[in-house]
Amino acid sequence: MAAKTALDQDIWHKIRAGDQQAMVSLYKSMYQYLLNIGGRYTEDQHQVKDLIQQLFLHLWEQHARLPAVTHVKAYVARAFRNRLLNALKHAPRYVPVGEEEAAYEPAELSYFEKLLGYQENEARRARLSAALAQLTPRQLELLEMRFYLQMNYEEMESALGISRKTVYNIIFNALETLRREMK
């Protein structure tokens, strides 16, 4: 993992020096990761893609003023998350449905398939939902970062500005709560 961090730092250094190829490389390596982050906050893929473009445009325009960072992935993810949350905060609450979206009708499962799928997972979902309800918002955020976004402990530490020991403890306590509640 240290080699990846060193490679990211090298790319970041090149971007700060004005290397377009380094920016393209960072964009390609981060695009899907940022899409995943955006998908956790909104279903509007067009908005997420636009915000990713805006972020990288901003990074390029400000490349000479970018700070030296140790964890590039965490820095870019945090910048994107802040940009996304700001956009969602200022977005209109009601968006009219366009003609394309109104014409789309998803294929429906049969009643039997729906009932069968529901019955098979109902008890597990109820236990999981009850277990997740026992977690604090910080525990949920860290579990999402660790298991959904696949961030390592260093990246979480850097992204949230808390110590690695705190990250370990919060995740450990969250997993213990889930184990206890799922039995």
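Treat the numbers as computed from the prediction; the structure is a model and nothing was measured.

A.B. asks: Tell me about helix H2 (residues 20-41), and name the residues and values.
C.D. replies: Taking 1.5 Å as the rise per residue, H2 with 22 residues should run 32 Å; its terminal C-alpha atoms sit 30 Å apart, in good agreement. The largest bend along H2 measures about 45 degrees and falls at Met-30.

A.B. asks: I'd like a description of the packing of helix H3 (residues 45-61) against helix H4 (residues 72-90), backed by residues and values.
C.D. replies: Running from amino to carboxyl end, H3 crosses H4 at an angle of 125 degrees, the nearest separation of the two axes being 10 Å. Viewed along their axes, H3 and H4 adopt a mutual orientation that is oblique. The way H3 lies across H4 gives a crossing that is right-handed. Of the residues in H4, those touching H3 at Gln-47, Val-48, Leu-51, Ile-52, Gln-54, Leu-55, Phe-56, His-58 and Leu-59 are Val-76, Ala-79, Phe-80, Arg-83, Leu-84, Ala-87 and Leu-88. Classifying every residue of the contact of H3 with H4 by side-chain character gives 12 nonpolar, three polar and one charged.

A.B. asks: Outline the packing of helix H7 (residues 137-148) against helix H9 (residues 164-182), listing residues and values.
C.D. replies: Packed helix pairs are characterised by how far apart their axes lie and by the angle those axes make with each other. Where H7 contacts H9, the two axes come as close as 9 Å, and the packing angle between them is 100 degrees. Taken together, the axis directions place H7 and H9 in an arrangement best described as roughly perpendicular. Where H7 abuts H9, its residues Arg-138, Gln-139, Leu-142, Leu-143, Arg-146 and Phe-147 lie against Val-167, Ile-170, Ile-171, Asn-173, Ala-174, Leu-175 and Leu-178. By residue class, the composition of the contact of H7 with H9 is nine nonpolar, two polar and two charged.

A.B. asks: Help me get a handle on the environment of Ile-15, residues and values and all.
C.D. replies: Within the secondary structure layout, Ile-15 lies in helix H1 (residues 2-16). Residue Ile-15 is classed as buried on the basis of its relative accessible area, which comes to 0%. Expressed as a C-alpha distance, the spacing of Ile-15 and Leu-26, which sit 11 residues apart in the sequence, is 8.9 Å. Contacts of Ile-15, omitting those with residues within four sequence positions, involve Ala-22, Met-23, Leu-26, Trp-60, His-63 and Leu-66.

What counts as what
- Residues numbered from 1 in each chain as written.
- Predicted model: local features only at pLDDT ≥ 70, side-chain atom pairs only at ≥ 80, totals over all residues.
- Heavy atoms only, no water.
- Helix = DSSP H or I, 4+ residues; strand = E, 2+ residues; numbered from the N terminus.
- Expected span 1.5 Å × (residues − 1).
- Bend = angle between axes of the 7 residues up to and from the residue.
- Axes fitted to C-alpha atoms, helices over the stretch in contact; angles between N-to-C directions.
- Parallel < 35°, antiparallel > 145°, perpendicular 65-115°, else oblique.
- Left-handed = near helix turned anticlockwise from the far one by under 90°.
- Contact = heavy atoms within 4.5 Å.
- Nonpolar A, V, L, I, M, F, W, Y, C, P; charged D, E, K, R; others polar.
- Buried < 20%, exposed > 50% of the residue type's maximum accessible area, 1.4 Å probe, protein only.

This is a description of form; function is not addressed.
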